[in-house]
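# Summary of the model geometry
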Amino acid sequence: MSENSNSNNKKIDVLLKEKPLKRRSFLKALATAGAITFFPGKQTKAFAGTFTDKKDRKGPHLTWEKFFQKYYKEMTPEDKKRVFERITRETKEYYGVDITLADPQPIPGVKFVFFLNLSKCNGNRRCVIACQKENNLDRSKAWITVLEMENGGFDFEKSDRHYTGIVPKDGKFYLPVQCLQCDNPPCVKVCPTEATWKEKDGIVVIDYDWCIGCRYCQAACPYEARKFNWKTPEIPQDEINTNQNYLGNRIRPRGTIEKCHFCSHRTRVGRYPACLEACPTGARKFGNILDPESEVSKIFNTKTLFVLKEELNTKPSFFYYFD
Amino acid sequence: MSQHKNLQTDEVGLCLKFWVVLVLSILPMANHGYAEEQITIIERESQMGFWPCSSCHTGNFKGLGDPNNQHQLTFKHMENVNECLFCHSFKNPERLHLEDGTTITFNESYRLCTLCHGEIYREWKVGIHGLQTGYWKGPKTRRNCTQCHNAHAPKFPPMEALPNPVDYPNKPAEGKH
């Protein structure tokens, strides 16, 4: 019994002796860590270097300016100027490219629609690659998905999006799907921060700096149009499109959602979208449906049009037809 | 009498007002249309492989025989047509000729195509058929028929699909969901 108590006392002594040692070492470690984080000196140069090295960085730094940035709709022209300067500066720092950033506004009296002739489309994916380059997408992503469908039905279960080789194949037709710019958009309704909304010309846009990356909209979209940035986009420096707009094709930060915006940086100054100009078959038609002289109005009056998943009442601005 | 005169002047004034309002409201509508837009059609002659034709074909070129022997081309346009001079002018090898004998350049070949393909020509004319580039609200560039369709084998050729960027290397085997 006494032996036991002796041994216990010894153990306690040892513990008591060790305790101050432990605390001292802990404090020492804390001080070193603090020194490394707050006063990076000569010894920590290699450590600090990993953060400034472009290749290892996970995108532009989160700054005070960026964190307290206003909502796009509440920005004054001065605010916009400051924000555009910041984004231009960060793109220069991270990607090494001088960009011209703008935010062209919707033209009054214009409602954009897109028509796609499925009899003409042969699934060659020129539009997919043109879109990727025009909109500064990561080189492993695409906003347009071309589905290879079986003739005689619209069963998406039987569709193939990974087809290769010579097209068109026998017994197949090709259905390109991108954002349909719905007039009753489910993605806009679910956004908890109102970072996405519908503009007057029919384009559904995203404020990438207001998006928190919750991906509710991706789940709500019945067309799989929205894509998520799991990482900072990796783009070859010489392929970056320098004509960028704030709500459209500027390089998206990591952790935000993105989608087709009808090339708003081109269409709002009167040009055709990039996918249309890349299509060698001329299957894509774009224009202002409110103008009775435009080619889209003529298609609207002469062809039998349909939309995807009409039963969901999303009212898309993107129509398909056969002729 | 004076009352009557007043009435008349009032009527004239009303008429004038009506016409002024009408003209003013119609004028901007007239300017709004796409009538004044420039449409450029891409020239064909500068892109042709054997241009100018007269470097080989001198004089009239009757009796050349089977078109499949010329320029190593495969002729798959119409059944039972086996004659170059159906479209090509026999007077001038650098021209095409219409049914009434009018000769046209290769840049206007759509005028020849429309003789059979009138419906497609009507669509092409308003911009529904074929690729148009440029501005939906402004100058457009349009392709000639023969820019996209080979006149001797007009069916749109099959082409190699570009790879899908989101393709993953290990595609799941077919039939296994």
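Keep in mind that what you see is a predicted model, and the values were worked out from it rather than measured.

It is worth spelling out the confidence of the model for chain B at this point. Residues at a pLDDT of 70 or more form 67% of chain B, whose mean pLDDT is 77. Under a pLDDT of 50 for its full length, residues 27–35 of chain B has, in the predicted model, 9 contacts with residues more than four places off or in other chains.

Across a sheet, paired strands are connected by hydrogen bonds in the backbone, their directions being either parallel or antiparallel. Residues and elements named next belong to chain A. If you trace the 4 strands from one edge of the open sheet to the other, you get β11-β2-β13-β12, paired in mixed fashion. Each edge of the open sheet is held by one strand with a lone partner, namely β11 (284–288) and β12 (305–306). Against the sheet, helix α10 (residues 295–302) touches β2 (112–117), β11, β12 and β13 (318–321), its axis set at about 110 degrees to β11.

This part takes up the pattern of salt bridges. Residues and elements named next belong to chain A. The final tally for this structure, using the stated rule, is 24 salt bridges over all chains. With a closest N to O distance of 2.7 Å, E258 and K141 form a salt bridge. On the criterion of sequence distance, the pair formed by E258 in strand β10 (residues 257–258) and K141 in the loop between α5 (126–134) and β3 (145–150) is long-range, its members being 117 residues apart. Per residue, the accessibility class of E258 equals that of K141, and both read buried. K169 is the salt-bridge partner of E148, the closest N and O atoms lying 3.7 Å from each other. In this pair, E148 sits in strand β3 while K169 sits in the loop between β4 (166–167) and β5 (172–177), placing the two residues 21 residues apart along the sequence. The network of salt bridges with common partners includes R86, E90, D209 and R250.

As a further point, take the packing of aromatic side chains. All names here are of chain A. Applying the stated rule across the entire model yields 28 aromatic pairs over all chains. Ring plane angle 35 degrees and centroid distance 5.1 Å describe the contact between Y71 and W210, whose orientation is recorded as tilted. Note that Y71 is positioned in the loop between α3 (64–67) and α4 (77–95) and W210 in the loop between β7 (204–206) and α7 (216–220), a separation of 139 residues in sequence. Y71 sits in the buried class, given a relative accessible area of 9%.

The next thing to look at is the sheet that holds strand β5 (residues 140–142) of chain B. Residue and element names in this part refer to chain B. Spatially, β1-β5-β4 is the arrangement adopted by the 3 strands of the open sheet, whose pairing is mixed. Bordering the open sheet on either side are β1 (39–41) and β4 (132–134), each of which pairs with just one other strand. The mean inter-strand angle of the sheet, taken between neighbouring strand axes irrespective of direction, is 30 degrees. As judged from the 3 bridges shared by β1 and β5, these two strands associate in the parallel manner. Within β5, the position partnered with I39 by the bridge is K140.

Turning our eyes to something else, we now look at the interface of chain B and chain A. The interface of chain B with chain A comprises 32 residues on the first partner and 50 residues on the second. Regarding the contact of chain B and chain A, the summed buried area is about 3300 Å², with carbon and sulfur atoms giving 59% of it. Taken as a group, I128, W136 and M159 of chain B account for 23% of the area that chain B buries against chain A, more than any other trio of residues on that side. The interface formed by chain B and chain A contains 1 salt bridge. Among the salt bridges present, the one from E123 of chain B reaches K303 of chain A, with a minimum N-O distance of 2.6 Å. Across the chain B-chain A interface, the total number found is 17 residue pairs in polar contact (both at pLDDT 80 or more). Every element with two or more residues in the side of chain B that touches chain A is listed here: β4 and β6 (159–160) of chain B. The element best represented in the side of chain B that touches chain A is β4 of chain B, accounting for 3 residues. When grouped by side-chain class, the residues that make up the side of chain B that touches chain A number 16 nonpolar, 10 polar and 6 charged. Sheet topology note: the β4 of chain A/β6 of chain B ladder contains 2 bridges and is antiparallel.

Parameters at a glance
Residues numbered from 1 in each chain as written. Chains lettered and ligands numbered in written order. Predicted model: local features only at pLDDT ≥ 70, side-chain atom pairs only at ≥ 80, totals over all residues. Heavy atoms only, no water. pLDDT = per-residue confidence, 0-100. Contact = heavy atoms within 4.5 Å. Pairing = 2+ DSSP bridges. Helix = DSSP H or I, 4+ residues; strand = E, 2+ residues; numbered from the N terminus. Axes fitted to C-alpha atoms, helices over the stretch in contact; angles between N-to-C directions. Salt bridge = Lys/Arg side-chain N within 4 Å of Asp/Glu carboxyl O. Buried < 20%, exposed > 50% of the residue type's maximum accessible area, 1.4 Å probe, protein only. Phe/Tyr/Trp six-rings, centres within 6.5 Å; stacked < 30°, edge-to-face > 60°. Buried area = accessible area lost by both parts, 1.4 Å probe. Polar contact = N/O pair within 3.5 Å; in protein donor to acceptor, adjacent residues only side chain to side chain. Nonpolar A, V, L, I, M, F, W, Y, C, P; charged D, E, K, R; others polar.

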